[in-house]
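Each chain, written out:
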Amino acid sequence: MDTSQVRLGWHDSGTYNKNIEEWPKRGGANGSLRFEIELKHAANAGLVNALKLLEPIKEKYPSVTYADLFQLAGATAIEEAGGPKIPMKYGRVDVSKPEECPEEGRLPDAGPPSPADHLWEVFYRMGLNDKEIVALSGAHTLGRSRPERSGWGKPETKYTKEGPGAPGGQSWTMQWLKFDNSYFKDVKEWKDEDLLVLPTDGVLFEDPSFKVYAEKYAEDQEAFFKDYAEAHA
Ligand code: HEM
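What counts, and where the lines are drawn
- Residues numbered from 1 in each chain as written.
- Predicted model: local features only at pLDDT ≥ 70, side-chain atom pairs only at ≥ 80, totals over all residues.
- Heavy atoms only, no water.
- Donors = N, O, S within 2.8 Å, 3.2 Å for Na, K, Ca; no water.
- Helix = DSSP H or I, 4+ residues; strand = E, 2+ residues; numbered from the N terminus.
- Contact = heavy atoms within 4.5 Å.
- Buried < 20%, exposed > 50% of the residue type's maximum accessible area, 1.4 Å probe, protein only.
- Lys, Arg positive; Asp, Glu negative; His and termini not counted.
- Salt bridge = Lys/Arg side-chain N within 4 Å of Asp/Glu carboxyl O.
- Polar contact = N/O pair within 3.5 Å; in protein donor to acceptor, adjacent residues only side chain to side chain.

J.: What is the right way to look at the coordination of the iron atom of the ligand in this model?
T.: Six octahedral donors around a metal ideally make angles of 90 or 180 degrees; four tetrahedral donors ideally make 109.5 degrees. Counting protein donors to the iron atom of the ligand gives just one, His-140 (NE2), placed at 2.1 Å. The residue His-140 is located in the loop between helix H6 (130-137) and strand E1 (144-145) in this model.

J.: So what exactly am I meant to see when it comes to unusual backbone geometry here?
T.: Excluding glycine, a negative phi dihedral is what most residues carry, and trans is how most peptide bonds are arranged. The amide bond that connects Trp-23 to the next residue, Pro-24, takes the cis arrangement and shows omega of 5°. One can find Pro-24 in the loop between helix H1 (4-13) and helix H2 (36-39). For the bond from Gly-163 to Pro-164, the omega torsion is 20°, close enough to zero to count as cis. One can find Pro-164 in the loop between E1 and strand E2 (170-171).

J.: I'm lost on the environment of Asp-2 in this one. Help?
T.: For Asp-2, the position within the fold is in the segment before H1. For the pair Asp-2 and Leu-142, spaced 140 residues apart in sequence, the C-alpha to C-alpha distance is 9.4 Å. Setting aside residues no more than four positions away along its own chain, Asp-2 makes contact with Leu-53 and Ala-77.

J.: Explain the side chain of Arg-125 here, please?
T.: Structurally, Arg-125 is set in helix H5 (residues 115-125). Here Arg-125 is buried and forms no salt bridge, its nearest opposite-charge partner Glu-103 lying at an N-O distance of 7.0 Å. In terms of polar contacts, Arg-125 uses its side chain to reach the backbone carbonyl oxygen of Tyr-16, at 3.0 Å. A distance of 2.8 Å separates the side chain of Arg-125 from the backbone oxygen of Arg-106, its partner in a polar contact. Those residues within four positions of Arg-125 in sequence are excluded, and the remaining contacts are Gly-14, Thr-15, Tyr-16, Asn-17, Lys-18, Asn-19, Arg-106 and Trp-120.

Put into structure tokens, the structure is as follows:
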């Protein structure tokens, strides 16, 4: 199980713009993230390693599209980590050339001037609502942030002395290989300096329209799993 697969799937799909009719200009889960030009977008720093892990599988099963493979890997990582079964469908079509990649800037920033306004702007453009924004943010229950990639997080903490993959980085939760609702508990408490809270994580307990869901998910893991699976799908 590799937590970077969840981010890879999210960053291939998170370029979606519901206001653009034309494919592939509208972006979304279309395998465009395999091209260097998109991997070089600042938001995608480090994802080349996640892609490399999937290349042998793509070679073995060439008829599976990158778009499907990214989503399969992300959903499988969540299930393997103890998260909900996500009702996935397959049959996504790949873009065929780098010219079809979306322009830079469609994915969210972690530290914008007004985090709530930024999340609304970016996620509403994808067709997602406040409940879905909060549920999906709960994916940060997995994985780590690395200063040498995104610029966020500590180089190492007491929770990240070992891999899988290169050790180091800062996680949002103590058990960052386990998918559960600890992200919401930890962001709410915000008292362990070794755990990460990005501005866009913290705002989930500040803005009233996010807070109702964040509080609920901190109390009720079953509700989180149900809403997460729906939002992810
Ligand atoms: C709400 C806006 C979001 C922001 C601003 C954001 C930002 C970030 C940042 C800065 C990192 C650290 C990257 C690095 O340094 O390697 C990260 C990692 C990660 N993000 Fe997000 N993220 C957001 C939403 C999401 C969503 C919706 C998902 C999935 C559904 C997700 C899944 C992940 C995962 C799994 C990691 C850890 C990757 C690893 O362990 O290699 N994020 N995110």
